[in-house]
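Observations on the model geometry
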Amino acid sequence: MGSRALTLFAAALAATFFAPAKGWNYGTATFYGGPDGSGTMGGACGYGNLYQAGYGTNTAALSSVLFNDGAACGQCYLIMCDSNASPWCKRGAAVTITATNFCPPNWAQPSDRGGWCNPPRPHFDMAQPAWERIGVYKAGIIPVLYQQVTCWRQGGIRITIGGSTFFQLVNFANVGGSGSIRSVSVKGTKTGWIALNRNWGANWQCNSALVGQELSFIVTSTGGQTIWINNVVPAWWQFGMAFLSNANFYY
């Protein structure tokens, strides 16, 4: 067998033994926020109090390649520590997290030593309680296997209205199915349907005067499901208020 053939055979053999199983991807994970997860509240997705938003402490900040400028906000990932690659794993353990924050690059550190969220690394900076379900605290960083999974939520989508008189910022939380939203339209009692634009994270922007109007929404998930949420926000709404719908996605 020639040297080129040997090289190709070695590459194929390595792929056989080291490629993740179908549906799984390689990444790494660290933790933040303290043992009670209190330091994870808020974040780049705009959910605020993660308990009220329906997410608790099974959450993570995603590196740039996963966060996708906020389009991944609300998505769910099944994560397990790669026990074949590290002795600091809790073997057989797994946890499902929700993407609620952004882990920014640290250009002052190399990506293999401190710059864990530098592109193109797929990295999860997890809430500490979630991370400790799969890893041993002393490790600090662990190799993981992950895949995006369906989000299962209790109750309906939670809609929070922010902004000012001529600028509404609508946040959607507790989103089931794919967990993330592709498009949103809003209709007031005095308007037709108005398409919203993603502002950042899970916040969608509308530059119309909707104060004093009852609001309905058409929401399409990244999974392709569309739901109509009619008259969910009463005409007496004020900025900062949150309203729970009776509808949610399942794929």
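Residues numbered from 1 in each chain as written. Predicted model: local features only at pLDDT ≥ 70, side-chain atom pairs only at ≥ 80, totals over all residues. Heavy atoms only, no water.

Pairing within the closed barrel is mixed, and its 6 strands lie in the order 1-5-2-4-3-6. With direction set aside, neighbouring strand axes in the sheet form an average angle of 45 degrees. As paired elements, strand 2 (residues 59-62) and strand 5 (residues 123-127) share 3 bridges and run antiparallel to each other. Bridging from a neighbouring strand, Ala-60 pairs with Met-126 of strand 5. (Pairing = 2+ DSSP bridges. Helix = DSSP H or I, 4+ residues; strand = E, 2+ residues; numbered from the N terminus. Axes fitted to C-alpha atoms, helices over the stretch in contact; angles between N-to-C directions.)

Considering all chains together, one arrives at 4 disulfides under this definition. Here Cys-76 pairs with Cys-151 through a disulfide, and the sulfurs are 2.1 Å apart. The sign of the 125 degrees torsion about the S-S bond sets the Cys-76-Cys-151 disulfide as right-handed. Pair noted here: Cys-76 is in strand 3 (residues 76-81) and Cys-151 is in the loop between strand 6 (142-149) and strand 7 (158-164), with a separation of 75 residues, a long-range link. Comparing Cys-76 with Cys-151 shows no difference in burial state: the two are buried. With a sulfur-sulfur separation of 2.0 Å, Cys-81 is cross-linked through a disulfide to Cys-89. Judged by the sign of its S-S torsion, about -60 degrees, the bond between Cys-81 and Cys-89 is left-handed. On the basis of relative accessibility, which here comes to 7%, the residue Cys-81 falls in the buried class. Across the protein chain, the disulfide pattern expressed with sequentially numbered bonded cysteines is 1-2, 3-8, 4-5, 6-7. (Disulfide = S-S within 2.5 Å. Buried < 20%, exposed > 50% of the residue type's maximum accessible area, 1.4 Å probe, protein only.)

With that settled, the discussion passes to the UniProt feature "domain: Expansin-like EG45" (unreviewed entry) in the protein chain. Those places that UniProt annotates as "domain: Expansin-like EG45" (unreviewed entry) correspond, in this numbering, to residues 42-156. Summarising residues 42-156: 7% helix, 28% strand, and an end-to-end C-alpha distance of 21 Å. (UniProt positions renumbered as here; feature names shortened; annotations may be inferred.)

Note: strands within a sheet are paired through backbone hydrogen bonds, in either parallel or antiparallel orientation. Pairing within the open sheet is antiparallel, and its 4 strands lie in the order 10-9-13-14. Looking along the sheet, the strands with just one partner apiece sit at the ends: strand 10 (193-195) and strand 14 (226-233). The average undirected angle you get between the axes of adjacent strands in this sheet is 25 degrees. In this sheet, strand 10 lies alongside strand 9 (residues 181-188) in antiparallel orientation, the contact comprising 3 bridges. Considered in strand 10, the bridge of Ser-185 is made with Ala-195.

General note: in soluble globular proteins, nonpolar side chains tend to be found buried as a group. One finds Tyr-47, Leu-62, Ile-79, Ile-97, Phe-124 and Met-126 to be the most contacted residues of the largest nonpolar core, which totals 29 residues. Among all residues touching Tyr-47, those that are not within four sequence positions of it are Ala-53, Tyr-55, Cys-73, Gly-74, Ala-99, Thr-100, Asn-171, Phe-172, Ala-173 and Ala-202. In this structure, Trp-204, Leu-210, Ile-229 and Trp-237 belong to the second largest nonpolar core, which totals 25 residues. (Core = buried A, V, L, I, M, F, W, Y, C linked by side-chain atoms within 4.5 Å. Contact = heavy atoms within 4.5 Å.)

This part covers empty space enclosed by the protein. Scanning the entire structure with this criterion turns up 1 cavity of 30 Å³ or more. Its volume calculated, the largest cavity comes out at about 60 Å³. Taken together, 13 residues form the lining of the largest cavity, with Cys-73, Phe-172, Ser-180, Ile-181 and Ala-202 sitting closest to its centre. In terms of residue class, the lining of the largest cavity is built from 8 nonpolar, 4 polar and 1 charged. (1 Å grid on protein atoms, 1.4 Å probe; cavity = no way out; pocket = protein on both sides within 12 Å on 5 of 7 lines; lining within 4 Å. Points joined across faces, edges and corners; volume = space filled by probe spheres on them. Nonpolar A, V, L, I, M, F, W, Y, C, P; charged D, E, K, R; others polar.)

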